[in-house]
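Observations on chain architecture
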Amino acid sequence: MSAPSLSLPSAGAATSARMAAGLAALDDPGEWDAFSRRTGTEGEATGGCWESGVVFEGMHCAACALTLEEVLRAEPGVVSASVSAASHRGRVVWREGQTVPSRWMDAVRRAGYQAVPANDALATDRRRAETRRMLWRWLVAGLCMMQVMMYATPAYVSPPGDFTPDMVQLLRWASWVLSLPVLLFSCAPFFANAWRDIRQRRISMDLPVALGMAITFAVSSLGTFEPQGVFGREVYFDSFTMFVFFLLTGRWLELRLRDRTAGALEALLNRLPDTVQRERADGTLERVAVRRLAAGDIIQVLPGEGFPADGEVLAGATLADEALLTGESRPVPRGVGDAVVAGSHNLTAAVRVRVARTGPQTRYAEIVTLMEHAALDKPQLALLADRIARPFLLAVLAAAALACAWWWGRDPGQALMVAVAVLIVTCPCALSLATPAAMLASAGALARRGVLVRRLQALEALAGVDTVVFDKTGTLTRDAFVPGAIRTREGVTVDEALALAAALGRHSLHPVSRALVARARRAGLEAPDPLASTREVPGQGVQGVLTLPVGGSPVGSEVRLGSSAYCGIPPVATDQPAAHLADAQGWMASFELREDVRADARATVQALREAGVEVRLLSGDAPAAVARVAAELGIDQARGGCSPQDKLQALREAQQAGHRVAMVGDGLNDGPVLAGAHVSVAFGRAVPLAQARSDFVVLGEALGAVAQMLHQARRTQSVVRQNLGWAVLYNAVSVPLALAGWMPAWLAGLGMAASSLLVVVNALRLAAVPAEPVPTPGRNT
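Thresholds, definitions, all that
- Residues numbered from 1 in each chain as written.
- Predicted model: local features only at pLDDT ≥ 70, side-chain atom pairs only at ≥ 80, totals over all residues.
- Heavy atoms only, no water.
- Helix = DSSP H or I, 4+ residues; strand = E, 2+ residues; numbered from the N terminus.
- Buried < 20%, exposed > 50% of the residue type's maximum accessible area, 1.4 Å probe, protein only.
- Contact = heavy atoms within 4.5 Å.
- Areas by Shrake-Rupley, 256 points an atom, 1.4 Å probe, with all protein chains shown as cover.
- Expected span 1.5 Å × (residues − 1).
- Phe/Tyr/Trp six-rings, centres within 6.5 Å; stacked < 30°, edge-to-face > 60°.
- Lys NZ or Arg CZ within 6 Å of the ring centre and 35° of its normal.
- Pairing = 2+ DSSP bridges.
- Salt bridge = Lys/Arg side-chain N within 4 Å of Asp/Glu carboxyl O.
- Axes fitted to C-alpha atoms, helices over the stretch in contact; angles between N-to-C directions.
- Core = buried A, V, L, I, M, F, W, Y, C linked by side-chain atoms within 4.5 Å.
- Patch = residues over 30% accessible without salt bridge, like charges linked within 9 Å, V, L, I, M, F, W, Y side chains within 5 Å.
- pLDDT = per-residue confidence, 0-100.
- Parallel < 35°, antiparallel > 145°, perpendicular 65-115°, else oblique.
- Nonpolar A, V, L, I, M, F, W, Y, C, P; charged D, E, K, R; others polar.
- Polar contact = N/O pair within 3.5 Å; in protein donor to acceptor, adjacent residues only side chain to side chain.

Here the focus is the overall build of the protein chain. Within the protein chain one finds 26 helices and 27 strands. Looking at the protein chain as a whole, 53% of its 781 residues are labelled buried. Taking all contacts inside the protein chain whose residues are at least 6 apart in sequence as the whole, residues at least 24 apart take part in 69%. Just so you have it, the protein chain exposes about 33000 Å², and 58% of that area is on carbon and sulfur atoms.

Below, the structure is given as structure tokens:
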């Protein structure tokens, strides 16, 4: 159950005109990029489609989400619409030329809700104002409840005859007066939403709640006005005020907790500043809106501000916080010539930056799009809850009517209060929140660790995985090589050979050259460059002329670094790739090269095996190289020389054998096998995120994220089961009690609020990913 809308429907034409004018401002195509993006595939198929991210105000349950989807899909020009009841966010795909944002947003407004752009700068202020209004309603309900209870207590504890009829009537009138602020102020959102449902001939969870409030107050008022009438035996102002107080308590806490569970997406969306200082042609600065920036602009970013675009530092040095974008938890230094990314934060000093990419072209925009899509994704259990929401609510109304009819012959007042208890206690808020609340909390926790969840359903699938298949290059190993053994000819020391190779390597951008330079730097062999006339032959090697004698080679000798053919020497027998160094005398040294296995690869494989998961390796590299990496990491099943079709075939064979398989690859080269796996994970360091065909995208370098994801998925599945079990148990116990007349309205309200709150609080346990071993299947976390 989520927080209700606290904005009453507009009452006058002037208000409607102002709202329409505000929506019309969004019809300017120059504003669309701020909250929408062109959809390539749909655009090609339908002729110019935009996908807009919006936040809906006034919704509070799964039935509201279904209503909004129906309203939007019925609007001409809207291709599709998806709304999440848990995050209150939606995605609307619409055709340019057939509709504009103001039209479908106005359709939402006519349905009793409000749609605002997801990146609306005032959204946070509106949410705070909503929280304050709810807090005031809660305080009024609490204060009046305490006073009403003070007047009602004597009727419960005093012996019969202690109070005269006049005194009893006076206490009833005092309770009625104190209940009026609760009815008119604290209950206003519930009645407004219920009236909206009646006008739209729809049903949501606020309709039975508002009906229960109205019946309780009406029955108690009739008992106050006509103490000798059919309803005069007892009044229920105490139950009424307590019920409202408990319900508002639950909804206010849920509102706060929902903001926390969706905090990762909110934090990411709010990382761009609204304005930035841009340099004019004369060197002076002007403050402009971020959306006005273009590639080539020079901007100044002050300490504490966010970088509004991707670019290059021209002047200054600072530390940048890129945690939500790259998974790097520590601030990273950024100086002249370094790249900065949109959405990161400048921490220590002002810097001048040349803008390279803005808006949808930035990696930040790709990450935001992925997270928005994930927040709107509906797991299978959530889809089931959405489908049964309306039939369940209709069943609730029918059950309340039947209970009232059954009790009416004994006591009409008691019959109506039994109906009220049934209306309240059977509200399916906890059931509708059980799955999405846990999924969103888990996705937010993984996002803070640098893992983007593209489909929430993938968390369900990952929890059941029993086999993980890794690609080798770029996944278990880095793209670069690491020098291994060094062999030299007689008279040449290892340090001399490595220093000369590094000197040649500084004039090349080849990965082998960079690896040799790094090895020499770690060995402390950096020295003045002893070469002249250096030249690189792409794909073969680099050569130069000595200006100093090295290893017996005189000044003026030509030296070469590269393949044996380039160096003019016979092939050297070795079972690993190698680079060679040669001079005029012939072979000088050989540097064996081995793949740079990630530091946490072995620990990750071990953690997965301890969790009961089988680990396999499939690679297109030579079988010998694949076998060496598998032996180093302790992987028993490994195959090399695999084409993409071979990998896909091996994956299908494992699936046919009954295994649930997760594939971990680079996101592009492994596209077919990633698409065929039950769950797919891509490392997105150099991958265009919109093209990464995977369920999860790891932004950082840590391979251990795979084990953490499995841990988190199993914890999520456990919490979902707990939530569903609690929701079913709550209804199984409460409904019979309410039908039997053993549950007063105030207790029904307390149970309803507590059940929904318990579901959200339980889901909130997933907001942090603990650093502990992956639990084995079946372990209840």
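Back to the text.
What follows covers helix H8 (residues 188-199). Between its terminal C-alpha atoms H8 stretches 16 Å, which fits the 16 Å expected from twelve residues at 1.5 Å a residue. For H8, the set of buried residues is Ala188, Pro189, Phe190, Ala192, Asn193, Ala194, Arg196 and Asp197. Looking one or two residues beyond H8, the residue adopting positive phi is arginine 201, at roughly 55°.

A few words now on the packing of aromatic side chains. Taken as a whole, this structure holds eight aromatic pairs when the rule is applied. Summarising the aromatic geometry, the rings of tryptophan 173 and phenylalanine 225 are spaced 5.3 Å apart at their centres and angled 40° between planes, so their arrangement reads as tilted. Taken together, the residues tryptophan 173 in helix H7 (residues 165-186) and phenylalanine 225 in helix H9 (residues 206-225) connect sequence positions 52 residues apart. By relative accessible area, tryptophan 173 is classed as partly exposed at 35%. Geometrically, the ring pair formed by tryptophan 176 and phenylalanine 225 is edge-to-face, given 5.5 Å between the ring centres and 65° between the ring planes. Placement of the pair is tryptophan 176 in helix H7 and phenylalanine 225 in helix H9, with a sequence separation of 49 residues. One aromatic cluster in this structure is built from Trp173, Trp176 and Phe225. The lysine or arginine in question, arginine 137, covers the ring of phenylalanine 185, its NZ or CZ lying 4.8 Å from the ring centre. Across the ring face of tryptophan 407, the terminal group of arginine 410 is positioned such that the distance to the ring centre comes to 5.1 Å.

Attention now moves to the pairing of strand E14 (residues 351-357). Relative to E14, strand E8 (residues 298-301) runs antiparallel, the two sharing four bridges. Note that in E14 the partner of isoleucine 298 across the bridge is arginine 354. With five bridges connecting them, strand E9 (residues 310-315) and E14 associate as antiparallel partners. Paired with aspartate 310 across the two strands is arginine 357, which belongs to E14.

This next bit is on helix H26 (residues 745-764). Taking 1.5 Å per residue, 20 residues should reach 28 Å; H26 reaches 29 Å between its end C-alpha atoms and fits that length. With 14 of its 20 residues buried, H26 lies for the most part within the structure.

Moving on: the environment of methionine 59. When you line up the elements, methionine 59 lands in the loop between strand E2 (49-57) and helix H4 (62-73). Once the C-alpha coordinates of methionine 59 and histidine 88 are considered, the two residues, 29 residues apart in sequence, prove to be 7.0 Å apart.

Applying the stated criterion to the full structure yields 14 salt bridges. Two residues, arginine 73 and glutamate 69, come together in a salt bridge whose shortest N-O distance is 3.7 Å. With arginine 73 and glutamate 69 both in helix H4 and four residues apart, this pair spans about one turn of that helix. The exposure class assigned to arginine 73 is partly exposed, which follows from its relative accessible area of 47%.

On the basis of which strands lie adjacent, the open sheet formed by seven strands has the order E15-E27-E26-E25-E16-E23-E24 and mixed pairing. Bordering the open sheet on either side are strand E15 (451-453) and strand E24 (637-639), each of which pairs with just one other strand. Recorded for the sheet is a direction-independent mean angle of 20° between the axes of neighbouring strands. Both strand E23 (residues 614-618) and E24 contribute to a ladder of three bridges, which runs parallel. Of the residues in E24, the one forming a bridge with arginine 616 is glutamine 637. Sheet strands touched by helix H25 (residues 705-739): E15, strand E16 (467-470), strand E25 (661-665), strand E26 (679-683) and strand E27 (696-698). Its angle to E27, the strand with the most contacts, is close to 140°.

This part is about the nonpolar core. Grouped together as the largest cluster of nonpolar side chains are 53 residues, with contacts concentrated most on Phe190, Val209, Met213, Phe240, Phe243, Val244 and Leu247. Here this core takes eleven residues from helix H15 (residues 412-425), the largest share from any one element.

What follows covers the environment of tyrosine 151. For tyrosine 151, the location among the structural elements is in helix H6 (residues 123-157). For tyrosine 151, a relative accessible area of 27% gives the class partly exposed. A sequence separation of 21 residues divides tyrosine 151 from arginine 172, and the C-alpha atoms of the two residues are 8.0 Å apart. The residues touching tyrosine 151, leaving out its near neighbours within four places in the chain, are Leu171, Ala174, Ser175 and Leu178.

Residues Leu135, Trp136, Leu139 and Phe185 make up a contiguous nonpolar surface patch of about 380 Å² in total accessible area. At three residues, the largest contribution of residues to the nonpolar patch is made by H6. As for its position among the elements, leucine 139 is in helix H6.

Attention now goes to the side chain of aspartate 695. Tracing the backbone shows aspartate 695 in the loop between E26 and E27. Ignoring anything within four residues of it in the chain, the contact list for aspartate 695 reads Leu452, Val453, Arg454, Arg455, Ala458, His678, Val679 and Ser680.

Let's shift gears to the confidence of the model for the protein chain. Chain-level pLDDT for the protein chain is 77 on average; 81% of the residues reach the 70-or-more range. Within the protein chain, E8 carries the highest mean pLDDT (92), whereas helix H3 (residues 40-46) carries the lowest (44). Low pLDDT (under 50) marks residues 1-18, which in the prediction has 49 contacts with non-local residues, meaning those over four places away or in another chain.

Packing of helix H21 (residues 601-610) against helix H22 (residues 623-633) brings their axes to within 9 Å, and their N-to-C directions diverge by 65°. In terms of orientation, H21 and H22 fall into the roughly perpendicular class. In this structure, H21 uses Ala601, Arg602 and Val605 to contact H22, whose residues at the interface are Ala631, Glu632 and Leu633. In the contact of H21 with H22, the residues fall into four nonpolar, no polar and two charged.

The next thing to look at is the packing of H15 against H25. One way to put it is that H15 packs onto H25 with a least axis distance of 8 Å and a crossing angle of 170°. Taken together, the axes of H15 and H25 are roughly antiparallel relative to one another. On the side of H15, the interface is formed by Val418, Ala421, Val422 and Val425, while H25 contributes Tyr730, Asn731, Ser734, Ala738 and Leu739. Taken together, the residues of the contact of H15 with H25 break down into seven nonpolar, two polar and no charged.

Although it is not a glycine, serine 533 adopts a positive phi angle of roughly 55°. By the element assignment, serine 533 lies in strand E18 (residues 531-537).

A few words now on the sheet that holds strand E13 (residues 345-346). Backbone hydrogen bonds are what pair the strands of a sheet, in a parallel or an antiparallel way. In space, the three strands of this open sheet follow the order E11-E10-E13, with antiparallel pairing throughout. Looking at which strands have only one partner, the edges of the open sheet turn out to be strand E11 (332-334) and E13. In this sheet, E11 lies alongside strand E10 (residues 318-321) in antiparallel orientation, the contact comprising three bridges. By the bridge assignment for E11, alanine 320 is matched with valine 332.

Take the environment of threonine 534 next. Its place among the elements puts threonine 534 in strand E18. Classification of threonine 534 as partly exposed rests on a relative accessible area of 29%. When the C-alpha positions of threonine 534 and arginine 506 are compared, they lie 10.0 Å apart, and in sequence the two are 28 residues distant. In this view, threonine 534 contacts His507, Gln543 and Gly544; residues no more than four positions away in its chain are not counted. Side chain to side chain, threonine 534 and histidine 507 meet in a polar contact 3.3 Å long.

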